[in-house]
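In case you want the letters, here they are:
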Amino acid sequence: LSLGQLPSHYFIQSNLSLGSEMATAPMTGMISVDTKKGDRANLHRPLMTFIMSAFPEHQQEMSVAVEDVMKMREGCMSVERSEKGVEQLLRYYLQLTAMDCKLPINENQIHVTFTWFDSFYKDSVFSGKRGSAANSLYERACVLFNYGAVSSQLAASQNLDTDDGLKVAAKYFQIASGAFAHLRDKLVPLMQKVPTPDLSSEVVGCLTTLMQAQAQECLYMKAVADKMKSKVICRLASSAYDFYSESYKAMSSVNLKGTCWDKWTATCLAKQNFMSGLAEYYESLNEKANKAIGNELARLTEADKVLATAVKQSGGVFECKDIHSRVNRALVAAKKDNDFIYHERIPNPEDL
């Protein structure tokens, strides 16, 4: 008798080989989330005490199942950054969810205290912020957070110079976004008190949008690599800009002093301007194709301006100097052509 059956469609399936994509990637500024560290918890005695009382006829079978759950949890305490690690976390999360109706872990029934450290304040077990709760909801929330975190790490580690690397990165950033969104919408609202800052609805909400922004950036990069039409590339860049703008606005209102959060927020602002400049640049190509030379110049001027800002803001975290140089050269050439050949009026960017 198992403690809960896990539908096969819940598991992450991929035909992409990850091994060849783990080489050093170019500087892209992709952000990944650190996992929460957890303390050991003794599940066996409290679970078996409840089982002997509630299901005495299934004691032997369920004892084996309890051992399996303990092994799942032990494996999730030091999960590897891989597809296997992501599946491992999902398997344990789904098992906890399946168990909940028959084996209710809470203060009044099966009493097990779970302790986890904050993902951002984690200098040591002595100085890091820790939270404890005697319920499976908290355990599930921490495991789901780590599911999103490891997915983000797997995504950020890909070589974005390759087609498979971009596909895998986009996929796992989307998975991470979905995990944090589920945490924000379904689990955090059920908590009477959020034990650590990383599980607050504000923080996981920011992570939801940030992961989606990075997934969108990967889709933009793939469209460029596949030499899609400039209209398509422009739309993808604009969408990434929207997500980064939303991320920056949300992250600016969260206070996690002394952590990486401020650097992440600064990177989001730089990415916001970077994607804005790219969208303007590819829109300028559309204007050029339509022989709207004045509009092309206006777009290039705006692209040059915001990309110059992105270069300053990036601080070398991600590479944007090359594209800025290319845009600047295109702007100089377009100005020259307009001065000597077309003589078109250049509209204000806000008028376009």
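What counts and what doesn't
Along each chain, the written sequence defines residue order, and numbers are assigned to residues from 1. Only residues with pLDDT of at least 70 are given local features in this predicted model, and only at 80 or more are side-chain atom pairs given and counted; all residues enter the totals for whole chains, interfaces and linings. Side-chain numbers here rest on the full set of heavy atoms in the structure, without hydrogens or water. We count a stretch as a helix when DSSP gives it H or I for four or more residues in a row; a strand needs E for two or more, and each element gets its number in order from the N terminus. For every residue, the accessible area obtained with a 1.4 Å probe (protein chains only) is divided by the maximum for its type, and the residue is called buried under 20%, exposed over 50%, and partly exposed between those limits. At least two bridges found by DSSP between two strands is the condition for calling them paired. For this document, the term salt bridge refers to a Lys or Arg side-chain nitrogen within 4 Å of an Asp or Glu carboxyl oxygen. What a helix should span is 1.5 Å times the count of its residues minus one. Think of a nonpolar core as a cluster: buried Ala, Val, Leu, Ile, Met, Phe, Trp, Tyr and Cys residues, connected wherever their side-chain atoms sit within 4.5 Å. Note on contacts: a residue pair qualifies if any of its non-hydrogen atoms lie within 4.5 Å across the two residues. Each Phe, Tyr or Trp ring (for Trp, its six-membered ring) is paired with any other whose centre lies within 6.5 Å, and the angle between the two planes then decides the class: stacked below 30 degrees, edge-to-face above 60, tilted in between.

*Asks:* How should I be thinking about unusual backbone geometry in this particular structure?
*Replies:* Most of the time, phi is negative for any residue but glycine, and the peptide bond is trans. Notably, Lys227 is not glycine yet its phi reads approximately 55 degrees, a positive angle. Counting through the fold element by element, Lys227 comes out in the loop between helix H6 (201–225) and helix H7 (230–252). One non-glycine residue, Lys291, lies in the positive phi region at around 60 degrees. Here Lys291 shows up in the loop between helix H8 (261–289) and helix H9 (293–314).

*Asks:* Would you explain the pairing of strand S1 (residues 114–117) in this entry?
*Replies:* The side chains of a regular strand alternate, first on one face of the sheet and then on the other. Residue alternation in S1 divides its side chains into two sets, Phe114 and Trp116 and Thr115 and Phe117, and both sets are buried. Looking at chain direction, S1 and strand S2 (residues 130–133) are connected through four bridges and run antiparallel. Bridging from a neighbouring strand, Thr115 pairs with Ser132 of S2.

*Asks:* Got a minute to help me understand the pattern of salt bridges in this structure?
*Replies:* A side chain of one charge can pair with a side chain of the opposite charge if their charged atoms are brought near each other. Tallied over the entire structure, the rule returns 13 salt bridges. Asp163 is paired through a salt bridge with Lys167; the nearest N and O atoms lie 3.2 Å apart. Within this pair, Asp163 and its partner Lys167 are both found in helix H5 (residues 163–187), separated by four residues, close to a single helical turn. Overlapping salt bridges bring together Asp163, Lys167, Lys222 and Asp226 as one network.

*Asks:* Sorry, what's going on with H8 here?
*Replies:* A rise of 1.5 Å per residue sets the reference length of H8, with its 29 residues, at 42 Å; its end C-alpha atoms lie 42 Å apart and thus fit the reference within 8%. Counting buried positions over the 29 residues of H8 gives 21, a clear majority of the element. Looking one or two residues past H8, Lys291 carries a phi angle of roughly 60 degrees, positive in sign.

*Asks:* Would you mind showing me how to read the nonpolar core here?
*Replies:* Most often, soluble globular proteins keep nonpolar side chains buried together rather than apart. Membership of the largest hydrophobic core comes to 102 residues, with the highest contact counts inside it found for Phe145, Leu183, Trp261, Trp264 and Phe274. Discounting residues that sit within four places of it in the chain, Leu183 has contacts with Ala141, Leu144, Phe145, Val188, Pro189, Leu199 and Val204.

*Asks:* What should I look at first to understand the packing of aromatic side chains in this one?
*Replies:* What characterises a pair of aromatic rings is the spacing of the ring centres plus the angle enclosed by the ring planes. Within this structure, the stated rule accounts for seven aromatic pairs. Ring centres of Phe145 and Phe180 lie 5.4 Å apart, and the angle between their planes is 70 degrees; on these two criteria the pair is classed as edge-to-face. Residue Phe145 is found in helix H4 (residues 136–156), and its partner Phe180 is found in helix H5; the two are separated by 35 residues along the sequence. Taking relative accessible area as the criterion, Phe145 reaches 0% and is therefore assigned buried. Classification of Phe180 by relative accessible area gives buried; the value is 0%. Between Phe274 and Phe318 the ring centres are 5.3 Å apart and the planes differ by 55 degrees, which places this aromatic pair in the tilted class.

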